[in-house]
Amino acid sequence: MTLTLFLQNILNGLSIGGVYAIFALGYTLVFSILGIINFAHGAVFTLGAYFTYFLMGGATGFNGLLANAKLPFSLPFGLATLVSGVLAGLVGVAIERLAFRPLRRRGSDPLLTVVSSLGVALVIVNVIQYLVGAENYTFPAGAFGNLPPAVNFGTAENPIPIRTVQIVIFLVSGVMLAILTYLINGTKYGKAMRAVAEDATTSSLLGIDPDRFIVLTFFVSSFLAGVAGTLVGSSVSIAGPYFGIGFGLKGLAVIVLGGLGSIPGTVVGGLVIGLIEAFVPGEYSAYKDAIAFGLLFIMLLVRPQGLLGRKIIQKV
């Protein structure tokens, strides 16, 4: 492997790994507070990509209830990404209100909540297909303005071209991770969220409303999913309503690899899987997912708590 190809793989791996990380952090936030996996997260990821596509002036295809429709305005990529993230966050709040809160207040088994989130995911996917069809959607040309298609990180004699979209993905992912870190560690809302995650009953006795911060957690989680969906969609196109299913499974691999409930572990897990996938030879690219889940299997055998997870001590 040449130095040029090595550096390209590193940059591409960090780019896709950053997306894996911000997407999987949505899983981690909800799991930290409720102790369950929100399987509707992948569907929200899909919605985020569609929201941005339409906000940027994209039109629907020939199928679906909204065939050949488009919004009367178009937004630049950055603003469209932000708005779609907010819309995805509001969808997450609706999911919490409709699918999680009623069961939580009844003290239902957590497994029922997981099944409920699966049902919500199927509903969202089928609504998307009913409204806009199942065809692929590619982001409008010039989504990144006048930026060149690629940037050379090498020299004229030894070029190291990296696609501009990969650079944008890496930068946005880094900014999102920095903002989330500050939110969790540097604000009173983040401290309250951590208190609820540690013990909801005790935090309520201290004047913290658990329901309020659970809603905030779902909003932030779904916002991250929406932004991640936009970033991936801008790179590889939106592959239909089931676009987020594969990334949903990859997100589960990331949080288990990094350690369930560990935010730093999720970031590390996402970057590790992204880098490993980037170094898979082209002729074996169809087996990238198998390699990622094979690594997960090995990790579960060697270190079940994940890279940065903590062993759970059960008191008897």
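Reading guide: rules and limits
- Residues numbered from 1 in each chain as written.
- Predicted model: local features only at pLDDT ≥ 70, side-chain atom pairs only at ≥ 80, totals over all residues.
- Heavy atoms only, no water.
- Helix = DSSP H or I, 4+ residues; strand = E, 2+ residues; numbered from the N terminus.
- Buried < 20%, exposed > 50% of the residue type's maximum accessible area, 1.4 Å probe, protein only.
- Contact = heavy atoms within 4.5 Å.
- Areas by Shrake-Rupley, 256 points an atom, 1.4 Å probe, with all protein chains shown as cover.
- Lys, Arg positive; Asp, Glu negative; His and termini not counted.
- Charge placed at Lys NZ, Arg CZ, Asp CG, Glu CD.
- Core = buried A, V, L, I, M, F, W, Y, C linked by side-chain atoms within 4.5 Å.
- Salt bridge = Lys/Arg side-chain N within 4 Å of Asp/Glu carboxyl O.
- Expected span 1.5 Å × (residues − 1).
- Polar contact = N/O pair within 3.5 Å; in protein donor to acceptor, adjacent residues only side chain to side chain.
- 1 Å grid on protein atoms, 1.4 Å probe; cavity = no way out; pocket = protein on both sides within 12 Å on 5 of 7 lines; lining within 4 Å.
- Points joined across faces, edges and corners; volume = space filled by probe spheres on them.
- Nonpolar A, V, L, I, M, F, W, Y, C, P; charged D, E, K, R; others polar.

S.K.: Would you explain the overall build of the protein chain in this entry?
M.R.: Scanning the protein chain from terminus to terminus reveals eleven helices and two strands. Secondary structure elements of the protein chain, listed N to C terminal, follow the sequence α-α-α-α-β-β-α-α-α-α-α-α-α. Counting only C-alpha atoms, the protein chain reaches 65 × 50 × 35 Å along its principal axes. Of all 316 residues assigned to the protein chain, the portion counted as buried reaches 45%. At a minimum sequence separation of 6, the contacts of the protein chain that also span at least 24 residues come to 73%. On the protein chain, roughly 15,700 Å² of surface is accessible, and the fraction owed to carbon and sulfur atoms is 68%. For the protein chain, the distance from the average position of its 17 positive side-chain charges to the average position of its 11 negative side-chain charges is 8 Å.

S.K.: Even after reading the chapter, I still don't get the environment of Pro148, so can you show me in this structure?
M.R.: Inspection of the secondary structure assignment puts Pro148 in the loop between helix 4 (110–132) and strand 1 (150–152). For the pair Pro148 and Phe23, spaced 125 residues apart in sequence, the C-alpha to C-alpha distance is 27 Å.

S.K.: Looking at this model, I keep getting lost on the nonpolar core. Mind explaining?
M.R.: Proteins that are soluble and globular tend to have nonpolar side chains buried together. One finds Phe45 and Ile238 to be the most contacted residues of the largest nonpolar core, which totals 72 residues. For Ile238, the contacting residues outside a window of four places in its chain are Ala49, Tyr50, Tyr53, Glu135, Asn136, Tyr137, Phe139, Gly233 and Phe243.

S.K.: Would you take a moment to explain the pattern of salt bridges for this structure?
M.R.: Where charged atoms of side chains with opposite charge meet at close range, the side chains can pair. With the rule as written, the count across this model stands at six salt bridges. Put simply, Glu96 and Arg101 hold a salt bridge, and the shortest N to O gap is 3.4 Å. Taking relative accessible area as the criterion, Glu96 reaches 0% and is therefore assigned buried. Residue Arg101 is classed as buried on the basis of its relative accessible area of 12%. The network of salt bridges with common partners includes Glu96, Arg101, Arg104, Arg105 and Asp211.

S.K.: For this particular structure, what's the right way to read the side chain of Gln166?
M.R.: Structurally, the position occupied by Gln166 is in helix 5 (residues 164–186). For Gln166, the contacting residues outside a window of four places in its chain are Asn12, Ser15 and Ser235.

S.K.: Is there a simple way to think about helix 8 (residues 210–236) in this case?
M.R.: What sets the pattern is the α-helix's 3.6 residues per turn: residues three or four places apart point alike. For helix 8, spanning 27 residues, the distance from its first C-alpha to its last is 39 Å, which sits close to the expected 39 Å at 1.5 Å a residue. Here helix 8 lies mainly inside the structure; 22 of its 27 residues are buried. Its side-chain oxygen at 3.2 Å from the backbone nitrogen of Asp211, Asp209 defines the N-terminal cap of helix 8. Two residues or fewer past helix 8, Ser237 is found with a positive phi of approximately 80°.

S.K.: Please explain unusual backbone geometry as it appears in this structure.
M.R.: Of note, the phi angle at Asn68 is positive, near 60°, even though the residue is not glycine. Within the secondary structure layout, Asn68 lies in the loop between helix 2 (41–55) and helix 3 (77–105). Backbone geometry at Ser237 places phi at a positive 80°, although glycine is not the residue there. Within the secondary structure, Ser237 sits in the loop between helix 8 and helix 9 (243–258). Residue classification places Ser237 among the buried residues on the basis of a relative accessible area of 15%.

S.K.: What's the story with the layout of surface pockets in this structure? I'm lost.
M.R.: Which parts of space are left empty comes out when a probe the size of a water molecule is rolled across the atoms. Estimates place the volume of the second largest pocket at around 530 Å³. If you go around the second largest pocket, you meet 24 residues; those closest to its centre are Ile16, Tyr20, Val236, Glu277 and Lys288. Examining the composition of the lining of the second largest pocket, we find that six residues originate from one element, helix 1 (residues 3–34), more than from any other. Tallied by class, the residues present in the lining of the second largest pocket amount to ten nonpolar, nine polar and five charged.

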